[in-house]
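Chain and residue survey
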Amino acid sequence: MRDAVIVEAVRTPVGKRNGGLSGVHPVDLSAHVLTSLVQRAGLDPAEVDDVIWGCVSQVGEQTFDIARTAVLAAGWPESVTGVTVDRQCGSSQQSVHFAAAGLVAGQYDVVVAGGVESMSRVPMGTARAGADPFGEGFRTRYGGVQINQGLGAETIAERWGLSRQQCDEFSVASHEKAAAARAEGRFDAQIAPVTTPDGTVVSQDEGIRESTVEKLGTLKTVFRPEDGVITAGNSSQISDGSAALLMTTSEKAAELGLTPIARVHTAVLAGADPVVMLTAPIPATQKALAKSGLSIDEIGAFEVNEAFAPVPLAWLADLGGDAKALNPNGGAIALGHPLGGSGARIMTTLVHHMRDNGIRYGLQTMCEGGGQANATILELL
């Protein structure tokens, strides 16, 4: 029986908005991780059947099927194809799902899944500036309610009884965990440093900073000024970055002399209220556990994307997993959230963490625009 295994995973550092990576074209940022991926694996890129690439704002420099352009920019053979995917924040996690499905089905033997977003160069919302992406039917169904992720996060905080203090404490912990991971070199093996056009080498994540609950408490709430809890300090950062995973089957890996790191054990989707928008990781996780036959206690590491602090906090409250196993190296509040590249960035971090610590099962999930979520369970090999 065919399977889907990850044999290599690599990412750029995550650059802060207008930071070290802002001068790098998103095509070149993508090409950099593609090049690093096959170099690390010792693989001829001609072996790759397809590159499945997540990207949310497919406009301007990120349009014209950036997956295919990146393949060519990387100098790979013209025979290697590329396709670009948009499932909002989960785009490159969806790329992994599509890659795994293609491998199991026999449509692929070797495939790359990943993604990119340069939010400095293509700001969030650029793709729909001045346009209505919803239409009459959607607005009629949902009563003309404003669709806004920040307001969704406020709704979650209210429904789950999450205070500003709890959100800020979670955010400080995210920075502390990421800072410890960086200081201890836990990110080193997964990062491919980027040399920018001016010769600067960017080798570390730029969003990590020292903070305290007291400092975060001075920030103004953004979406509900009078009684809200969501601030810039307990939200994910606007970022630039790219990540990629090399995937194949166990049989093909043996043929090519590649060593699998982890198997895609279970891959599911879930949908929920598109107005609140951010709760779908909860049913997605429940669905993944049910389909896998695993209990939450058997999962040794969880990655729940920190779009806003209430998202993983509500997930933890409902699922009851081990809090110490949740985002053990920090999350998007500290590291950043380059939209189309985040799913692959998180999975790269998860794969390396599982291998470094001998963790058999890891689970990743993330909220997505439209009230959706991917959930993936990986099994260490």
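Residues numbered from 1 in each chain as written. Predicted model: local features only at pLDDT ≥ 70, side-chain atom pairs only at ≥ 80, totals over all residues. Heavy atoms only, no water.

The protein appears in an unreviewed UniProt entry as Acetyl-CoA acyltransferase from Geodermatophilus tzadiensis.

Below, the discussion takes up the nonpolar core. Among the nonpolar cores identified, the biggest contains 42 residues, and Leu278, Ile299, Phe302 and Ile377 are the most heavily contacted of them. Of all elements in the fold, only α5 (149-159), α6 (164-183), β9 (262-271), α9 (281-292), β10 (301-304), α10 (310-319), β11 (361-368) and β12 (372-380) reach the threshold of two or more residues within this core. The element that contributes the greatest number of residues to this core is α10, accounting for five residues. Sequence-distant contacts of Leu278, that is, excluding residues within four places in its chain, are made with Gln149, Gly152, Ala153, Ile156, Phe308, Val311 and Cys367. Leu43, Val48, Ala74 and Val202 belong to the second largest nonpolar core, which has 35 residues in total. (Core = buried A, V, L, I, M, F, W, Y, C linked by side-chain atoms within 4.5 Å. Buried < 20%, exposed > 50% of the residue type's maximum accessible area, 1.4 Å probe, protein only. Helix = DSSP H or I, 4+ residues; strand = E, 2+ residues; numbered from the N terminus. Contact = heavy atoms within 4.5 Å.)

Axis separation between α6 and α10 bottoms out at 10 Å; the angle between their running directions is 100 degrees. What the angle tells us is that α6 and α10 run roughly perpendicular. Residue-level contacts link Gln166, Cys167 and Phe170 of α6 to Pro310, Pro312 and Leu313 of α10. (Axes fitted to C-alpha atoms, helices over the stretch in contact; angles between N-to-C directions. Parallel < 35°, antiparallel > 145°, perpendicular 65-115°, else oblique.)

All chains considered together, the criterion is met by one cavity of 30 Å³ or more. As a volume, the largest cavity reaches approximately 30 Å³. Lining the largest cavity we find Ile156, Leu278, Thr279, Pro281, Ile282, Pro310, Val311, Ala314 and Trp315. Secondary structure elements with two or more residues in the lining of the largest cavity: α9 and α10. Broken down by element, the residue count for the lining of the largest cavity peaks at four residues, all from α10. Residues of the lining of the largest cavity, tallied by class, amount to eight nonpolar, one polar and no charged. (1 Å grid on protein atoms, 1.4 Å probe; cavity = no way out; pocket = protein on both sides within 12 Å on 5 of 7 lines; lining within 4 Å. Points joined across faces, edges and corners; volume = space filled by probe spheres on them. Nonpolar A, V, L, I, M, F, W, Y, C, P; charged D, E, K, R; others polar.)

A probe matching the size of a water molecule, rolled over the atoms, marks out where space remains unfilled. Looking at the largest pocket, its volume works out to about 1,200 Å³. Lining the largest pocket we find 38 residues, and of these Gln88, Met124, Arg128, Gln149 and Leu339 sit closest to its centre. In the lining of the largest pocket, the residues fall into 19 nonpolar, 15 polar and four charged. Taken as a whole, the second largest pocket encloses approximately 330 Å³ of empty space. Along the walls of the second largest pocket sit 16 residues, with Val104, Val264, His265, Thr266 and Ala267 positioned nearest its centre. Where the lining of the second largest pocket is concerned, the elements lending two or more residues are α3 (91-105), β9 and α9.

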